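# A look at the structure
Chain by chain, the residues:
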Amino acid sequence: MLDLKKVCERALQEGVGPGERAWAWRLLLGVIPASGEAGAVEASLKASRLRYEKLRREHLPDISSSCEEAGDPLTMALGAESGWSRFYASADLRAEIQKDLDRLVISGLPEDHFSRSSFWASMLTVLTVWSTAHPDIGYRQGMHEILALVVLALEDEIAYGCGPAEGDDEADCFSLFEAIMVRHADHFHAGPEAPVVAACRTAQAELLELYEPRLARRLNDYVEPQIYGLRWARLLFSREFEAPASLTLCDALFAAAVGDGDPLAFRRTLQIFFVALLLVCAPRLMAATDEMECLSVLMRPQQCSVLDVVSLARRLIEAQSQTRLANDTIVASVDDRGLPHFTTPLFGGEGGGNADDDSANGSPRAPAVISANDDDDDDDDEALANGLDSALGVLSKYANTPEAVAALDKIKFVADRLRVASV
Amino acid sequence: MAGKDFGELVLVLGDAHIPHRAAFIPEKFQRMLVPNKMQHVICTGNSKDQYEGLRTLAPNVHMVSGDLDEGSFPESKVVQIGQFRIGVMHGHQIAPWGDPHSLGMFQRRLDVDILITGHTHKNEVNEFDGKWFINPGSITGAYSSLHADVTPSFILLAIQGNKVVTYVYQLLGDTVDVSKSEFQK
């Protein structure tokens, strides 16, 4: 049977093969227990199928079930209460989802791949049932692309004949989709304060800054992270790579996010992969001269190998693994000026460490890929000041109370002092 | 690949006789008959003026000619909805008007499970010899030569699989009365 640790290792190295992917995802996402005993796996699959049947009956009203409730289909227009409004709302939802499904095209696959798939009808049902069962977020465009990834994994499993003994394709599709959405649904909320927007900002403005200050400065000058970042994050980078490479990236993503029960583990993992992809794009981004050129690098499908992104992400995670995690930022250890240091070199550990190297275990700060010899105090301070300035730029758009404006002024004061100190 | 069958709603009405015998469809009926609620409209005839309006209600409108329609529409129509073959005629051609045996003859001739006719301005849902005969009455309550006291009515069919649930809507005074029944193939 599958071993969680081994699956994680493979997923973070070369990815999982198409025949085993669905099982790997079931394991990584907790759809089946990690204990791996045959009995426990069968039992959990059976239980999740029964659960889905129940959800389907409850959240997929049809005319028969609606007729059984009191009330006729029409007098609600005159103000009568009726179970028919649920039916009509569901019919509208199905029409909306079907529109998105009809337009679903995944790069690397023929246009009619899904409409000819044995999962085609199930895709509509799974999305309808899930959205109706989660009224706080409902259905958002893009969820259908997440479902497409699940369908591709299951199609491969069927093609390789590796599926569970007693198959129920639609229920299996639902349980994998649900397991992803338990961790990911929040990222479909919209609006400037939405979690996904904050996550993109943190990734581009703060996390990237820790590894590649010059790239971070450039991006923060040129690009609002949610312009490219929303698509990256919401669709699990699946539009940035063709299938099946996009699936390999998911293998690594799910493996890296295997949690300690921390509900934010998935978001943090997304942010790490976000930064890894930015780092892989770094040479082209540094060569770009304006916002349009940056965006054309960030918003077109990537030509790089998915495995480069995975290996970078793995190293970012390893660098983190000896860390204290504080407030969603990656802080290895912090010297007495509050500057972060990494305990293991990221990119080969050459020189160029800080002059004031006060990290707890004495290892030099790892040089970043581009600014190999630029890392010294002055750039640190200036980088921090620039980081603060860019954050201020964003916040000042929302500062509409005197207290907020005063707080922003205080931060600006600190930024200016840092800059003065760096001269 | 065929997905789950969610069923279909079919509005059945006719004999509006607008403008000659009635001025308009009763206001409460008008409020209930809005787009996006039904997939089909079946009209038994003598409702020519309503045709364009009916087309806004549903993607499929099936209208036949009444005796006053000057042949603008076909004499009869057969429609497949779900598992049911449904025949539609105005009914002035079927003599004696409303007679079950004569209706049965046309049901066999059209080879349908359900025969929908109008003309009598009297709403009916009847089973005869294993087949079903439906008359939506007159949606405006227009007078007929058969009887003067006509209650405005129409029918909604909810069809899924081999089952039909019928809702008969009547305007009694100012109140909409709904009565429900069902049958199975």
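Residues numbered from 1 in each chain as written. Chains lettered and ligands numbered in written order. Predicted model: local features only at pLDDT ≥ 70, side-chain atom pairs only at ≥ 80, totals over all residues. Heavy atoms only, no water.

Along its length, chain B carries three helices and eleven strands. Each helix (α) and strand (β) of chain B, taken in turn from the N terminus, gives the series β-α-β-α-β-β-β-α-β-β-β-β-β-β. Once the C-alpha set of chain B is aligned to its principal axes, its extents read approximately 50 × 35 × 30 Å. A total of 185 residues make up chain B; the buried ones form 54% of that total. Total accessible area on chain B is roughly 8,200 Å²; 49% of this is exposed by carbon and sulfur atoms. For chain B, the separation between the mean place of its 16 positive charges and that of its 20 negative charges on side chains is 5 Å. (Helix = DSSP H or I, 4+ residues; strand = E, 2+ residues; numbered from the N terminus. Buried < 20%, exposed > 50% of the residue type's maximum accessible area, 1.4 Å probe, protein only. Areas by Shrake-Rupley, 256 points an atom, 1.4 Å probe, with all protein chains shown as cover. Lys, Arg positive; Asp, Glu negative; His and termini not counted. Charge placed at Lys NZ, Arg CZ, Asp CG, Glu CD.)

Below, the discussion takes up the overall build of chain A. Scanning chain A from N- to C-terminus turns up 18 helices and four strands. Here chain A holds 423 residues, and the buried ones make up 51% of them. Residue pairs at least 24 apart in sequence account for 68% of intrachain contacts in chain A once pairs closer than 6 positions are excluded. About 18,800 Å² of surface is accessible on chain A, with carbon and sulfur atoms providing 53% of the total. (Contact = heavy atoms within 4.5 Å.)

All names here are of chain B. Following the sequence through the fold, Ser-47 ends up in the loop between strand 2 (40-43) and helix 2 (51-55). A polar contact of 3.2 Å, which involves the side chain of Ser-47, links it to the backbone nitrogen of Asp-15. Engagement of the side chain of Ser-47 in a polar contact is seen with the backbone oxygen of Gly-45, the distance being 2.9 Å. Residues in contact with Ser-47, not counting those within four places in the same chain, are Gly-14, Asp-15, Ala-16, Met-63 and Asp-69. (Polar contact = N/O pair within 3.5 Å; in protein donor to acceptor, adjacent residues only side chain to side chain.)

With that settled, the discussion passes to the UniProt feature "domain: Calcineurin-like phosphoesterase" (unreviewed entry) in chain B. Taking the numbering used here, the UniProt-annotated feature "domain: Calcineurin-like phosphoesterase" (unreviewed entry) corresponds to residues 10-158 of chain B. Secondary structure within residues 10-158 of chain B divides into 15% helix and 29% strand; the distance between the first and last C-alpha atoms comes to 6 Å. (UniProt positions renumbered as here; feature names shortened; annotations may be inferred.)

Before going further, it helps to spend a moment on the interface of chain B and chain A. It is common to give the size of an interface as the accessible area that goes away when the parts come together. Of the residues lining the interface, 28 residues belong to chain B; the matching set on chain A comes to 23 residues. Regarding the contact of chain B and chain A, the summed buried area is about 2,000 Å², with carbon and sulfur atoms giving 67% of it. Run the count over chain B and chain A and you get seven residue pairs in polar contact (both at pLDDT 80 or more). When contributions to the side of chain B that touches chain A are tallied by element, the ones reaching two or more residues are strand 1 (8-13), helix 1 (27-32), strand 9 (153-160), strand 10 (163-172) and strand 11 (175-184) of chain B. The class makeup of the residues in the side of chain B that touches chain A is 16 nonpolar, four polar and eight charged. (Buried area = accessible area lost by both parts, 1.4 Å probe. Nonpolar A, V, L, I, M, F, W, Y, C, P; charged D, E, K, R; others polar.)

Our focus in this paragraph is the side chain of His184(A). Note on placement: His184(A) falls in helix 8 (residues 169-184). When residues no more than four places from it in sequence are discounted, the contact partners of His184(A) are Ile146(A), Ala233(A), Arg234(A), Leu236(A), Phe266(A) and Leu270(A).

Residues and elements named next belong to chain A. Between helix 1 (residues 4-13) and helix 12 (residues 245-256), the least distance of the axes is 8 Å, while the angle of their chain directions is 135°. Taken together, the axes of helix 1 and helix 12 are oblique relative to one another. Handedness of the helix 1/helix 12 crossing: left-handed. Residues Cys-8, Ala-11 and Leu-12 of helix 1 pack against Asp-251, Ala-252, Ala-255 and Ala-256 of helix 12. Its residues assigned to classes, the contact of helix 1 with helix 12 shows six nonpolar, no polar and one charged. (Axes fitted to C-alpha atoms, helices over the stretch in contact; angles between N-to-C directions. Parallel < 35°, antiparallel > 145°, perpendicular 65-115°, else oblique. Left-handed = near helix turned anticlockwise from the far one by under 90°.)

To continue, consider the confidence of the model for chain A. Residues of chain A with pLDDT of at least 70 account for 84%, and the chain-wide mean is 83. Across residues 324-375 of chain A the pLDDT falls below 50, and counting only partners more than four positions away or on other chains, this stretch makes 110 contacts in the model. (pLDDT = per-residue confidence, 0-100.)

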